[in-house]
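Architecture at a glance
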Amino acid sequence: MDALEAVWTARPDDREGLSLGRIVAAAIALADAEGLAAVSMARIAKALGFTTMSLYRHVGSKEELILHMQDAAVGPPPERETEPDEDWRPAVERWAWGTCARMRAHPWILQTLPVLGPPATPHQLTWLEHGLRALRATPLSEPEKLQVILLINAHVFGDVIFAGAEVADDDSYERLFTTHLDPGRFPALIAAFTGGAFAETDDPEGDRDSRFAFGLTRILDGVAQLIGSR
């Protein structure tokens, strides 16, 4: 059976012992703790107390397992959908923050996207459906609605990528700017540094939320201008 078809046709299995649900849950826990590269059939089998070969009675391949992991980690969108008379902007904002929360909880999902291709699993397509519904009352064309959703997704992906690129705790990064960068060659970077653009605070999560909100607001301001021009 094709790996993607297996995800769409999977049924819940609540039986005791080894099951697809237990395998996927163990794989997600491993990826959350150590990253996607740590996930292997052997390690999952060891964590569950079964042989590696026994896993293949429930999942056909590593690719199929990753698809199941991706779909389960993405999960369904929040139950609340766009109200019939709700403006598009708060609905899209709610969708964007919900997407961001899922990606932050399981950042390894981002690594699966280039391998597995565009959204294709049940939960992925449900999220896409809800995002497009939030824009259905606007005068945007269908291709434009999709481009808006993809643009917001790219902003979410950036949040995950840059959060993983942590600056060292020592003062090496500060020394880079104050000692090694020539102001004549990097005047804009020096100005950004001295102006506090790279400064850290005591609330890194709050800073992260502020950066995400800033970018999301700029994106939606542009969408609002486009809608207003129609």
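Treat the numbers as computed from the prediction; the structure is a model and nothing was measured.

Helix and strand counts for the chain stand at 12 helices and zero strands. Projected onto its principal axes, the C-alpha positions of the chain cover 65 × 50 × 30 Å. Looking at the chain as a whole, 38% of its 230 residues are labelled buried. Of all intrachain contacts in the chain linking residues separated by at least 6 positions in sequence, the fraction that spans at least 24 positions is 73%. Carbon and sulfur atoms form 56% of the exposed surface of the chain, whose accessible area is close to 13,600 Å².

Inspection of every chain in the model, using the stated rule, returns four aromatic pairs. Relative to Phe-193, the ring of Phe-177 lies with its centre 4.6 Å away and its plane at 5°, an arrangement referred to as stacked. You can see Phe-177 sitting in helix α10 (residues 172–180) and its partner Phe-193 sitting in helix α11 (residues 187–194), a full 16 residues away along the chain. Overall, the relative accessible area of 5% leaves Phe-177 in the buried class.

Contact geometry for helix α2 (residues 20–34) and helix α3 (residues 41–48): axes closest at 10 Å, N-to-C directions at 110°. Between α2 and α3, the angle falls in the class roughly perpendicular. Crossing handedness for the pair α2 and α3: right-handed. On α3, the residues that touch Arg-22, Ile-23, Ala-26, Ala-27, Leu-30 and Glu-34 of α2 are Arg-43, Ile-44 and Leu-48.

Next up on the list: the layout of surface pockets. Here the idea is plain: a probe the size of a water molecule rolls over the atoms and shows the empty space left. Here the second largest pocket defines a volume of roughly 370 Å³. Lining the second largest pocket are 18 residues, with Leu-113, Pro-119, Gln-124, Asn-153 and Phe-157 positioned closest to its centre. Those elements that place two or more of their residues in the lining of the second largest pocket are α6 (88–105), α7 (109–116), α8 (122–133) and α9 (142–164). Split by residue class, the lining of the second largest pocket holds 13 nonpolar, four polar and one charged.

Calculation rules
- All residue numbers here refer to positions counted from 1 along the written sequence of the relevant chain.
- Local features are withheld for residues below a pLDDT of 70 in this predicted model, meaning they are given only at 70 or higher, and side-chain atom pairs are given and counted only at 80 or more; totals for whole chains, interfaces and linings count all residues.
- To get the side-chain values, take all heavy atoms of the structure and skip hydrogens and water.
- Secondary structure elements are taken from DSSP: a helix is a run of H or I of four residues or more, a strand is a run of E of two residues or more, and numbering for both begins at the N terminus.
- Exposed residues in this analysis have more than 50% of their type's maximum accessible area, buried residues have under 20%, and partly exposed residues fall in between, with area computed by a 1.4 Å probe over protein chains only.
- Should any heavy atoms of two residues lie within 4.5 Å, those residues are considered in contact.
- Note on areas: Shrake-Rupley with a 1.4 Å probe; residue coverage comes only from the protein chains shown.
- Stacked, tilted and edge-to-face are the three classes applied to pairs of Phe, Tyr and Trp rings, where Trp contributes its six-membered ring and a pair requires centres within 6.5 Å; stacked means planes under 30 degrees apart, edge-to-face means over 60, and tilted covers the rest.
- Each axis is a line fitted through C-alpha atoms, taken for helices only over the stretch in contact, and angles between the N-to-C directions span 0 to 180 degrees.
- Oblique is the label for any angle not under 35 degrees, not over 145, and not in the 65 to 115 range, which are roughly parallel, roughly antiparallel and roughly perpendicular in turn.
- Here is the rule for handedness: rotate from the far helix to the near one, and if that takes an anticlockwise turn smaller than a right angle the crossing is left-handed, while a clockwise turn gives right-handed.
- Only protein atoms enter the 1 Å grid, on which a cavity is a set of points fitting a 1.4 Å probe that cannot get out and a pocket is an open set with protein on both sides within 12 Å along at least 5 of 7 lines, lining residues being those with an atom within 4 Å of a point.
- Grid points are joined across faces, edges and corners, and a volume is the space filled by probe spheres set on the points.
- All residues other than Ala, Val, Leu, Ile, Met, Phe, Trp, Tyr, Cys, Pro, Asp, Glu, Lys and Arg, Gly among them, are scored as polar; the first ten of these are nonpolar and the last four charged.

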